[in-house]
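Structural overview for review
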Amino acid sequence: MDLLKAILWRRSIRRYKPEPVEQEKILELLKAAVWAPSAGNTQSWRFWVVKKPELKLELSRACNGQSHVREASHVILVGFNEDEARRAYGNRGVTLFAIQDTAAAIQNLILRATDLGLGTCWVGSFDEYKTRELLELPRNIKPVALVTVGYPAEKPESRRKDIKEVVRFTDDQTFI
Ligand SMILES: Cc1cc2nc3c(=O)[nH]c(=O)nc-3n(C[C@H](O)[C@H](O)[C@H](O)COP(=O)(O)O)c2cc1C
């Protein structure tokens, strides 16, 4: 799919068809994710891929009961290795850069999913403690977000603020 078309077509999908997503496609998403830029090429991101229904159900509970977390074919937790991030850039590496790096990886992942005809939803509302326990995350891993992945069963509307509301040109250029 053309890049702009994918950007405009993508929506947060919260209803999925029951068909599982093929493993090759999940790998394609992860390959796109790790080609995101990262500060100093640190690549401290880490991914946990969940497919087991029982674990998705537990994760859904850890996400305030969000039903798409259990109904999606896969749930991918994206986090980062705090030791690597700190080693590279100290506190700024952990509090700022690694968050941006993982966000860039997530955006790559969800756009590639759109390209492959898959639906995704970026999930930031989760109980960190419960999620850590369920996935047995090592202590040096900071979870940033979960992404639900599956074949979409809806095409929701979405809207954006007018670009004039959010952009300021600092010289005399104006919107045409
Ligand atoms: C950091 C972040 C956290 C989000 N957390 C959730 C979430 O917990 N649950 C959810 O259903 N959607 C979540 N979303 C999706 C947003 O609600 C969605 O992107 C926004 O409403 C715009 O809709 P669109 O993605 O369809 O354009 C999150 C998105 C981001 C970027």
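Look above for the structure.
The following refers to the structure shown. Nothing here was measured: the structure is a model prediction, and the numbers come from that model. (Residues numbered from 1 in each chain as written. Predicted model: local features only at pLDDT ≥ 70, side-chain atom pairs only at ≥ 80, totals over all residues. Heavy atoms only, no water.)

General note: in soluble globular proteins, nonpolar side chains tend to be found buried as a group. The biggest cluster of nonpolar side chains holds 19 residues, and the ones touching the most others in it are L29, L109, L118, V147 and V149. Among the elements of the structure, α2 (23–33), β2 (74–81), α5 (82–115) and β4 (141–150) are those that each provide at least two residues to this core. When residues of this core are assigned to their parent elements, the largest contribution, 5 residues, is made by α5. With 16 residues, the next largest nonpolar core counts V75, F126, L135 and L146 among its residues. (Core = buried A, V, L, I, M, F, W, Y, C linked by side-chain atoms within 4.5 Å. Buried < 20%, exposed > 50% of the residue type's maximum accessible area, 1.4 Å probe, protein only. Helix = DSSP H or I, 4+ residues; strand = E, 2+ residues; numbered from the N terminus.)

Bringing the site of the ligand into the picture now. In the region of the ligand, 13 residues are neighbours, and S12, R14, Q66, S158 and R160 sit closest. At a separation of 3.5 Å, an oxygen atom of the ligand approaches a polar side-chain atom of H68. One of the backbone N or O atoms of S125 is found 3.1 Å from an oxygen atom in the ligand. Contact with the protein chains hides 61% of the accessible area of the ligand, taken as 630 Å² for the molecule alone. With 3 residues, the top contributor of residues to the shell around the ligand is strand β3 (residues 119–123). The residue inventory of the shell around the ligand, partitioned by class, reads 3 nonpolar, 6 polar and 4 charged. (Near = heavy atom within 4 Å. Polar contact = N/O pair within 3.5 Å; in protein donor to acceptor, adjacent residues only side chain to side chain. Areas by Shrake-Rupley, 256 points an atom, 1.4 Å probe, with all protein chains shown as cover. Nonpolar A, V, L, I, M, F, W, Y, C, P; charged D, E, K, R; others polar.)

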